[in-house]
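Chain and residue survey
Below, each chain spelled out in residue letters.
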Amino acid sequence: MPVAVEPTSAPRTPRQRPAPRPAARRKPAGRAHGLWPYALIAPAVGGMLYLLVYPLVRAVLISFQDFRLRQLIAGEAEFVGFRNYRTLLADPRFWEVVRRTFLFMAINVVLIMVIATLVALMVERLRRVGRTVVLCSLVLAWAMPVVAATTVFQWLFHSEFGIVNWVLTSIGLDSFERYPWFANGTAAFAILVTLIVWQSVPFAAITLYSALTTVPLELYESARLDGAGAGRIFRSVTFPMLRPIFMLVFSLEVIWTFKAFVQIWVMTRGGPGDATTILPVYAVQTALSSQRYDLGSAASMITVVLMSGVLVLYFRQMFRQEDETR
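This section reports on the structure supplied with the text. As the structure is a prediction and not an experimental result, all values here were calculated from the model. Residue numbers run consecutively from 1 along every chain, following the written order of its sequence. Only residues with pLDDT of at least 70 are given local features in this predicted model, and only at 80 or more are side-chain atom pairs given and counted; all residues enter the totals for whole chains, interfaces and linings. Here the side-chain values reflect all heavy atoms present in the structure, with hydrogen atoms and water set aside.

**Let's talk about the side chain of aspartate 294**
Of note, aspartate 294 is situated in helix α14 (residues 293-325). Polar side-chain contacts of aspartate 294 include one of 3.1 Å to the side chain of arginine 292. Counting from the N terminus, the helices are DSSP H or I runs at least four residues long and the strands are E runs at least two residues long. Counted as a polar contact is a pair of N or O atoms within 3.5 Å, where, for protein atoms, one must be capable of donating a hydrogen and the other of accepting one, and residues adjacent in sequence contribute only when both atoms are in side chains.

**Focus on the packing of aromatic side chains**
Only rings of Phe, Tyr and Trp enter the pairing, Trp through its six-membered ring, and a pair is recorded when the two centres are within 6.5 Å. The plane angle decides the type: under 30 degrees is stacked, over 60 is edge-to-face, the rest tilted. In total, this model carries 19 aromatic pairs according to the counting rule given. With 5.2 Å between their ring centres and 85° between their planes, phenylalanine 64 and phenylalanine 82 make a pair best called edge-to-face. Highlighted residues: phenylalanine 64 in the loop between α1 (31-63) and β1 (65-66) and phenylalanine 82 in the loop between β2 (78-79) and α3 (83-89), separated in sequence by 18 residues. Taking the centre distance of 5.0 Å and the plane angle of 75° together, the rings of tyrosine 179 and tryptophan 181 count as edge-to-face. One aromatic cluster is present, built from ring pairs that chain together Phe153, Phe157, Phe176, Tyr179, Trp181 and Trp198.

**Quick look at the nonpolar core**
By size, the foremost hydrophobic cluster in this structure holds 68 residues, and its most contacted members are Leu88, Phe94, Phe104, Trp181, Val254 and Phe258. Counting residues per element, this core draws most heavily on helix α8 (residues 185-212), at 15 residues. Think of a nonpolar core as a cluster: buried Ala, Val, Leu, Ile, Met, Phe, Trp, Tyr and Cys residues, connected wherever their side-chain atoms sit within 4.5 Å. Accessibility here uses a 1.4 Å probe with only protein chains present; expressed as a share of the type maximum, an area under 20% marks a residue as buried, one over 50% as exposed, and anything in between as partly exposed.

Here's what the structure looks like:
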């Protein structure tokens, strides 16, 4: 008797997934979309060009013209080439001002860098509370407006009501009773140096302290294990690690002291005599006292060239030392 065989179902084939569709290609950004970032920064660039570049170009142009009060009003000026520069370079007073400017810059920059480095090293070794107090004090001193700080120093050294004369006479120095500090050229110069250093040290110290926090502690521990003292550690570990920051702070302080005009103009206006007259003050005096705006612009351009020369020489020396140590 035949046996009925059940029909076997056909083997199931795996269900195939539909092939993924190709991703839609992005359309290339239009020209307007590509110019949008430039449009966003255009106001800032335009403001910078108007506030920085245009005055510089205008000053360079005036330095090559016969530009006095008449030309300022009428708007017509004659090109005279390098006559203004020859007039300045032939003036003995100009060279005396240049010498005083470099002396003023050297004293200020050396004092600022030394004191700021010592303050940064001190802050690094303080505990949290002491570090916070010192840093807050530095920030407050740095945030004081320049004119306000200059006015405070004027009152401190006032001949009749100044606290400095009062303190000196209180300890028995009767010769300082009503002493006219700003009538003495050396004293006025020293007061201005003190003011510039006091205003500049906070920024330099905070910057150097921030750089000190990035030095690995393992380097200090290895140096101490080798028997190195504090001075040797600073010369061999700290300073090489912070060399770029030192270069940056040094260049900023050179620029700061070279353009220290507001403090001198508010406090002494370059006096007594020419004891506190540096190049920026000399340029303003020349432009305003005799309406020789051409000579004032020429003096400003020489100031920029001299300041740039000092920075270039310093950077070349630093880079040469780096190449020798490698």
